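Geometric and topological summary
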Amino acid sequence: MHPTKRCITFTDKKSIGEVKLLGKWDIHTYPVKSIKRVRLVRKADGYYCQFAVDVEVKSEHRTGDGELGLDVGLEFFYSDSSGHHQENPRFLRKAEKAIKHAQRQIYKKEKGKNNRRKARRRYAKKHLRVSRQRSEHAKRLARCVCKANALVAYEDLNVKGMVKNHRLAKSINDVAWTLFRCWLEYFARKFNTTVVAVNPRMTSQKCSDCGAIVKKSLSTRTHKCNCGCEIQRDTNAAINILNLAKARDGQSRSNATGVGTATLLGASLVEQVAT
Ligand SMILES: [Zn+2]
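One structure accompanies this document, and this report is about it. (Residues numbered from 1 in each chain as written. Predicted model: local features only at pLDDT ≥ 70, side-chain atom pairs only at ≥ 80, totals over all residues. Heavy atoms only, no water.)

Focus on the sheet that holds strand E7 (residues 85–86)
As a reminder, the rule being used: We treat two strands as partners when DSSP finds at least two bridges between them. Numbering goes from the N terminus for both helices and strands, where a helix is a DSSP run of H or I of at least four residues and a strand is a run of E of at least two. In what follows, residue pairs with any heavy atoms lying within 4.5 Å of each other are defined as contacts. Here an axis means a line fitted to C-alpha atoms, over the contact stretch when the element is a helix, while the angle between two N-to-C directions is reported on a 0 to 180 degree scale.
An order of E7-E6-E5-E8-E9 is seen for the five strands of this open sheet, with the pairing classed as mixed. Single-partner strands in this sheet number two, and they are E7 and strand E9 (194–198). With two bridges joining them, strand E6 (residues 78–80) and E7 adopt antiparallel strand pairing. Directly across from Tyr-78, in E7, lies its bridge partner Gln-86. Strands strand E5 (66–71), E6, E7 and strand E8 (149–155) of the sheet are contacted by helix H2 (residues 114–148), whose axis makes an angle of about 130 degrees with E8. Sitting on the sheet, helix H5 (residues 233–248) touches E5, E6, E7, E8 and E9, and the angle it makes with E5 is about 125 degrees.

Thoughts on H5
Each α-helix winds once per 3.6 residues, and so residues spaced three or four apart point in a common direction. What counts here: Multiply 1.5 Å by the residue count of a helix minus one, and that product is the helix's expected span. Here's how the labels work: a residue is buried when its accessible area is under 20% of the maximum for its type, exposed when over 50%, partly exposed in between, all with a 1.4 Å probe on protein chains only. In the analysis that follows, any N or O atom pair within 3.5 Å is treated as a polar contact, provided that within protein one partner can donate a hydrogen and the other can accept it, and provided that, for residues neighboring in sequence, both atoms belong to side chains.
An ideal rise of 1.5 Å per residue puts 22 Å on 16 residues; H5 measures up with 23 Å between its terminal C-alpha atoms. Restricting attention to buried positions, one finds in H5 the residues Arg-233, Asp-234, Thr-235, Asn-236, Ala-237, Ala-238, Asn-240, Ile-241, Leu-242 and Ala-245. For H5, the capping residue at the N-terminal end is Gln-232, with a side-chain oxygen 2.6 Å from the backbone nitrogen of Asp-234.

Structural notes on the coordination of the zinc ion
Angles at a metal have ideal values that depend on geometry: 109.5 degrees with four tetrahedral donors, 90 or 180 degrees with six octahedral donors. Put simply, the test is: Metal-coordinating donors are taken as N, O and S atoms lying within 2.8 Å of the metal, or within 3.2 Å when the metal is Na, K or Ca; because water is left out, some sites can appear incomplete. A site with four donors is called tetrahedral when every donor-metal-donor angle falls between 85 and 135 degrees; four donors are called square planar, and six octahedral, when opposite donors sit more than 155 degrees apart and all other angles fall between 65 and 115; any other arrangement is irregular.
Protein ligation of the zinc ion involves Cys-207 (SG), Cys-210 (SG), Cys-225 (SG) and Cys-227 (SG), the donor distances falling in the range 2.2 to 2.3 Å. Each of the four donor atoms around the zinc ion contributes to a set of angles spanning 106 to 114 degrees, which defines the coordination as tetrahedral. Going along the chain, you hit the donors of the zinc ion in the pattern C-x2-C-x14-C-x1-C. You can see Cys-207 sitting in the loop between E9 and strand E10 (222–224) and its partner Cys-225 sitting in the loop between E10 and strand E11 (230–232), a full 18 residues away along the chain. Here Cys-207 falls in the buried class, since its relative accessible area comes to 1%.

Re the nonpolar core
Rules: Buried residues of nine kinds, namely Ala, Val, Leu, Ile, Met, Phe, Trp, Tyr and Cys, make up a nonpolar core once their side-chain atoms join them within 4.5 Å.
By size, the foremost hydrophobic cluster in this structure holds 24 residues, and its most contacted members are Leu-70, Tyr-78, Val-145, Trp-177, Phe-180 and Leu-184. Broken down by secondary-structure element, the contributors of at least two residues to this core are E5, H2, E8, helix H4 (167–191) and E9. Considering each element in turn, this core owes the most residues, nine residues, to H4. By size, the runner-up hydrophobic cluster in this structure holds ten residues, among which are Ile-8, Phe-10, Tyr-30 and Phe-51.

Concerning unusual backbone geometry
In this model, Asn-192 sits at a positive phi of 55 degrees, which is unusual for a non-glycine residue. By the secondary structure assignment, Asn-192 is in the loop between H4 and E9. Note on Asn-192: relative accessible area 57%, which makes it exposed. At Met-202, a residue that is not glycine, the phi angle is positive and equals roughly 70 degrees.

The structure is reproduced here in structure tokens:
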């Protein structure tokens, strides 16, 4: 399959033949035997060759043994139980304008003409750029969180189905959050951190201090309880999430195992440009 590991020849019946690998990635440092799967992927800026590599994930040392609950919101990327609010990344908003512009350009060009094809390509590239930035952002945050904490609790959003009517803002956040979760589980293994997904039901209504239910609408940004507890709404939810995870600790501990993690590693390790 590889002569010098700078080329790859496909021997299946698709008659692709030999392609040259570009880029400065480190696939050649892996023995050919450890490569389990190869696939070609077409992206807006070229063809990529993905390798799924079977390797031991080296564990790293954690820098702290904290316990952290994370609440996803619209206002922030996440809010944690210690009162920190992680801002939503700016690049989305910045890119949005450029993307919209590029999209309009497509329709200005005549159908079926080269210029239109080019415009479409520029548009796709802008999208690709954002999705890469988003992925990097999620990865960076997840790494920080897992590195400093022994227990990380987050909401199991599949359970919640999320609030229905937030349209675009939410859909953007959803993607980012799903990515973030994947990376959380990946880094949890690396840093030997326990990550727990809890059912987020009532986490925003319940008082994290006394357990009373304090009804509030989405626009109420502060949690105010009769017991005297008064904190930011998302912080309150994050504390509840952490408490739920701690209550559940012991039974069904880590979610940080499974196939998802392995494939994630493979795909991210080796994205090589091929021509
Ligand atoms: Zn209370």
